[in-house]
Amino acid sequence: MDASADTASNTEVVTRFAPSPTGFLHIGGARTALFNWLLARRAGGRFLVRIEDTDRARSTQPAIDAILDGMRWLGLDWDGEPVFQFQRAARHAEVAQAMLDSGHAYKCFATAEELEAMRADQRARKQPLRYDGRWRDRDPAEAPAGAPFVVRLRAETTGATTIHDQVQGDVTVQNAELDDMVLLRSDGTPTYMLAVVVDDHDMGVTHVVRGDDHLNNAFRQLGIVRAMGWAEPVYAHIPLIHGPDGAKLSKRHGALGVEAYRDELGILPEALDNYLLRLGWGHGDTDIIDRTAATALFDLADVGRSPSRTDAKKLENLNGHYIREADDARLTDLVAPRVAALIDRPLTPDDHALLLRAMPELKPRARDLNDLADGALFLYRTRPLPLDDKAAGLLQGDAPVLLATIAGELAGVETWDVAGVEAALRVVAERAGLGLGKVAQPLRAALTGRTTSPGIFDVVALLGRDETLARIGDRTATAA
RNA sequence: GGCCCCAUCGUCUAGCGGUCUAGGACGUCGCCCUUUCACGGCGAAAACACGGGUUCGAUUCCCGUUGGGGUCACCA
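Presented here is an overview of the structure given in this document. (Residues numbered from 1 in each chain as written. Chains lettered and ligands numbered in written order. Predicted model: local features only at pLDDT ≥ 70, side-chain atom pairs only at ≥ 80, totals over all residues. Heavy atoms only, no water.)

As for the packing of aromatic side chains
Overall, the coordinates contain four aromatic pairs when judged by the stated rule. Ring centres of phenylalanine 35 and phenylalanine 298 lie 5.0 Å apart, and the angle between their planes is 50°; this geometry places the pair in the tilted category. Of the two residues, phenylalanine 35 sits in helix α1 (residues 27–42) while phenylalanine 298 sits in the loop between α9 (291–297) and β12 (308–309), which places them 263 residues apart along the sequence. Take phenylalanine 35: its relative accessible area is 1%, and that puts it in the buried class. The ring of phenylalanine 86 carries arginine 56 above its face, with NZ or CZ at 3.8 Å from the centroid. It is arginine 262 that lies over the ring of tryptophan 73; its NZ or CZ is 5.9 Å from the centre. (Phe/Tyr/Trp six-rings, centres within 6.5 Å; stacked < 30°, edge-to-face > 60°. Helix = DSSP H or I, 4+ residues; strand = E, 2+ residues; numbered from the N terminus. Buried < 20%, exposed > 50% of the residue type's maximum accessible area, 1.4 Å probe, protein only. Lys NZ or Arg CZ within 6 Å of the ring centre and 35° of its normal.)

Some details on the protein's contact with RNA strand B
Within the structure, RNA strand B sits among 60 residues, and Arg185, Gly280, Pro364, Arg365 and Arg444 are positioned closest to it. In this structure, asparagine 317 approaches RNA strand B through a side-chain N or O atom, which is 3.3 Å from a sugar or linking oxygen. Measuring from a sugar or linking oxygen of RNA strand B, one finds a backbone N or O atom of threonine 451 at 3.0 Å. If you list the elements that add at least two residues to the surface near RNA strand B, you get β5 (150–153), β7 (169–174), α5 (192–202), α6 (215–228), β12, α10 (312–325), α17 (436–448) and α18 (456–463). The biggest single contributor to the surface near RNA strand B is α17, with five residues. Residues of the surface near RNA strand B, tallied by class, amount to 17 nonpolar, 22 polar and 21 charged. (Near = heavy atom within 4 Å. Polar contact = N/O pair within 3.5 Å; in protein donor to acceptor, adjacent residues only side chain to side chain. Nonpolar A, V, L, I, M, F, W, Y, C, P; charged D, E, K, R; others polar.)

Quick look at the pattern of salt bridges
Evaluated as defined, the whole model comprises 39 salt bridges. Arginine 50 is the salt-bridge partner of aspartate 200, the closest N and O atoms lying 2.8 Å from each other. Note that aspartate 200 is positioned in helix α5 and arginine 50 in strand β2 (residues 46–51), a separation of 150 residues in sequence. Accessibility classification places aspartate 200 together with arginine 50 in one group, the buried group. Arginine 72 serves as the salt-bridge partner of aspartate 69, at 3.1 Å between the closest nitrogen and oxygen. Separated by three residues within a single helix, aspartate 69 and arginine 72 lie in helix α2 (residues 61–73), roughly one turn from each other. You can call aspartate 69 partly exposed: its relative accessible area is 38%. Taken together, the shared-partner salt bridges connect Arg16, Arg50, Glu52, Arg88, Arg91, Glu94, Asp199, Asp200 and Asp202 into one network. (Salt bridge = Lys/Arg side-chain N within 4 Å of Asp/Glu carboxyl O.)

Dropping the structure here:
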């Protein structure tokens, strides 16, 4: 059967992201969504979202919200409203009935205990575990009246099926390997296998791009597609993402929700997007690829076939890059709440303005938003400043004397800006016969409580005359 | 265990028979810039899993071995 039969007259590319709302949006799902988004946007097609909530016990509204919020944060906008799979149960049952009517499906009255016994036996004999087709050719009339049953696909038992996967290449499986899967459960609700196929068809999905863990499912799903005589979608199974240890990404290590990258790790969405894009996909030697470039460059042919591991350092590096590129006002808005949390009070409009002014000096030094907030902390500390050990060390000996000299010179500065401050401090260093570093370090310690900070002239200029002199005063007074 | 997939520096990858003494990036280590830390610049160490073929010639093609991963539900 030709996959393009039904879509020959309609070349629009339609992709979809179909998460099951049983948890947050982890980075594996985010990358799958990104690739689907890119493929659709590149082709000028549509990108749809379907919430696979047929598992009523495990699906939750918070999970739905988290997934959709995560997608919005990453800039993965979808077309139309999300489709909720559970609401389409009647349509799924309808298709199952059609297959029953056409003989492509049949009723199976085997009980759960019976099937478990069957598998135990297969395990004992070291046989593959699969349904043995015991009701495939039996007359339903043989079942006890009113007995519960499931509807199973009457799968091909001979020959082989080949999928021309856009990422994995041609993959062939013997049909004998596939058993008659359940389409409708005994309570009449559809299984995932049935629902996916029906929904993808009804939604007009042309390209199914999903995790490699679904490759085996594709063969079974194709059985339903063919039984219904529908167009076969183009498949692309992308390799899974592994944790730093090479094992499958699980809740234990790398599998954080994207909101954790945003809230706890202080990652910028464009950085995570770029990182995820380069995980499993490459375009020559280029590593820094923003959304616009990615949309123009993305091609399934460039997706690798082997799983990749997450690398926090690489993400941090990319994040640092995008922080340096980011607009100061945007960064200020993003960092302000973090600073407020650190100093345990809200920022005033003046505080906010100061943060904005300091941003050009702050952002080259940060790899994430937490770094940025921490780097801005010295601006808002209340006197007397707490000193870290190294800073305290720099304020020993005759440092207070030097600081007093600095204060004297600074007091005479007419225009309190970087140039004015620099001139004054250079005068101090020259008169004392010291290198600028010998002057800058004690001053930095006194003004920030630390040994690292933005350039000392900037620090002084940002702090302002009064605060600068007061902080210096705290150190000359206590030492004297 | 059956079936399926994968295999280049620690990691992400470029390479689609000769251009490979295998390129880039992150990380690591030096040096430079410099008032500190970053940023930036320069440089170094670091990989074709193994064994057979095919070929005049294999990192590139084929087979096997080994290793890793995925999947085998009335879960998605």
